[in-house]
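Examination of the molecular architecture
Now for the letters of each chain:
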Amino acid sequence: PLITIRESKHPPPLDESYWTAKENTVSIEQQVLRMLQFDTLVCHPHRCVLVVMDTLGFGTIHFPNTTTTTTSSSNSSTFLLTPQQSEQIIQISFQIINESSLDVTGAVLQFPVVTLTCASIALAADLFIEPGLEKNVGMNDATDIGEGDDDDDDDDDD
């Protein structure tokens, strides 16, 4: 039986149908938890994007401020991009992850979170370098990364 949940101004009456619905809900929750083997830990690719970007030196945290006078030259080489550039790549990565999660085939769920993260950052960096590229990149292109990119062989002049 389908249970419909509606918001009500008043609490539901505590009759037999309420207790039956509650028992059914708890029973289904227990079955789902058993199927998951009580492993409810979820690693989100969005958080992983932030961690990877920061680890690779593309972070936006603790970027050296150019208005303050510092004598340490090691701080200026801490990050490879400005905070604005990093933020743009992060935002594009988030958009790629969001769009790929809407794929009805569920193909994106076959890959580990770190793989999805690295792929989204790589695609975001490509889109950041070539802004018009997003019109040509789709889910099929994202799954075919690394295949057929041998355009350098055509540069040989005989």
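Look up: the structure comes first, before these words.
In this report, we go over the structure that sits alongside the text. (Residues numbered from 1 in each chain as written. Predicted model: local features only at pLDDT ≥ 70, side-chain atom pairs only at ≥ 80, totals over all residues. Heavy atoms only, no water.)

Now for the overall build of the protein chain. Along its length, the protein chain carries five helices and zero strands. Along the protein chain, from the amino end to the carboxyl end, the secondary structure elements read α-α-α-α-α. Of the contacts made within the protein chain by residues no fewer than 6 positions apart, 60% connect residues no fewer than 24 positions apart. For the protein chain, the exposed area adds up to about 13,000 Å²; of that, 55% sits on carbon and sulfur atoms. (Helix = DSSP H or I, 4+ residues; strand = E, 2+ residues; numbered from the N terminus. Contact = heavy atoms within 4.5 Å. Areas by Shrake-Rupley, 256 points an atom, 1.4 Å probe, with all protein chains shown as cover.)

Here we come to a nonpolar patch on the surface. On the surface, Ile28, Val32, Met35 and Leu36 cluster together into a nonpolar patch covering about 400 Å² of accessible area. Looking at the element boundaries, Val32 is found in helix α1 (residues 16-35). Residue Val32 is classed as partly exposed on the basis of its relative accessible area, which comes to 39%. (Patch = residues over 30% accessible without salt bridge, like charges linked within 9 Å, V, L, I, M, F, W, Y side chains within 5 Å. Salt bridge = Lys/Arg side-chain N within 4 Å of Asp/Glu carboxyl O. Buried < 20%, exposed > 50% of the residue type's maximum accessible area, 1.4 Å probe, protein only.)

Another point: the packing of helix α3 (residues 83-101) against helix α4 (residues 113-129). Packing of α3 against α4 leaves a shortest axis separation of 8 Å and a crossing angle of 120°. Taken together, the axes of α3 and α4 lie oblique to each other. Helix-helix and strand crossings are classified by hand; for α3 and α4 the assignment is right-handed. In contact with Gln85, Gln88, Ile89, Ile92, Ser93, Ile96 and Ile97 of α3, α4 contributes Ser120, Ile121, Leu123, Ala124, Ala125, Leu127 and Phe128. Tallied by class, residues from the contact of α3 with α4 come to 10 nonpolar, four polar and no charged. (Axes fitted to C-alpha atoms, helices over the stretch in contact; angles between N-to-C directions. Parallel < 35°, antiparallel > 145°, perpendicular 65-115°, else oblique. Left-handed = near helix turned anticlockwise from the far one by under 90°. Nonpolar A, V, L, I, M, F, W, Y, C, P; charged D, E, K, R; others polar.)

Below, the discussion takes up the environment of Gln88. Residue position: Gln88 is located in helix α3. Along the chain, Gln88 and Phe128 lie 40 residues apart, while their C-alpha atoms are 7.6 Å from each other.

Compared with an ideal rise of 1.5 Å per residue, which puts 17 residues at 24 Å, α4 spans 24 Å between its outermost C-alpha atoms and is within 8% of the ideal. Among the residues of α4, those classed as buried are Thr117, Ser120, Ile121, Leu123, Ala124 and Leu127. (Expected span 1.5 Å × (residues − 1).)

This part covers α3. In this model, α3 (19 residues) spans 27 Å end to end at C-alpha, consistent with the 27 Å of a helix rising 1.5 Å per residue. The set of residues buried in α3 consists of Pro83, Ser86, Ile89, Ile90, Ile92, Ser93, Phe94, Ile96, Ile97 and Ser100.

What follows concerns the environment of Ala124. Tracing the sequence through the fold places Ala124 in helix α4. On the basis of relative accessibility, which here comes to 0%, the residue Ala124 falls in the buried class. The spatial distance from the C-alpha of Ala124 to the C-alpha of Gln95 is 8.9 Å, given a sequence separation of 29 residues. Setting aside residues no more than four positions away along its own chain, Ala124 makes contact with Ile89, Ile92, Ser93 and Ile96.

In this section: the side chain of Ser93. Along the chain, Ser93 falls in helix α3. The residues contacting Ser93, other than those within four sequence positions of it, are Val49, Ser120, Ile121 and Ala124.

Where helix α2 (residues 45-55) meets α4, the closest approach of the two axes is 9 Å, and the angle between their N-to-C directions is 65°. In this structure, α2 meets α4 at a crossing whose hand is right-handed. Between α2, through Pro45, Cys48, Val49, Val52 and Met53, and α4, the contact on the second element is made entirely by Val113, Val114, Thr117, Ser120 and Ile121. Its residues assigned to classes, the contact of α2 with α4 shows eight nonpolar, two polar and no charged.

In short, the description is geometric, and any link to function would need to be established separately.
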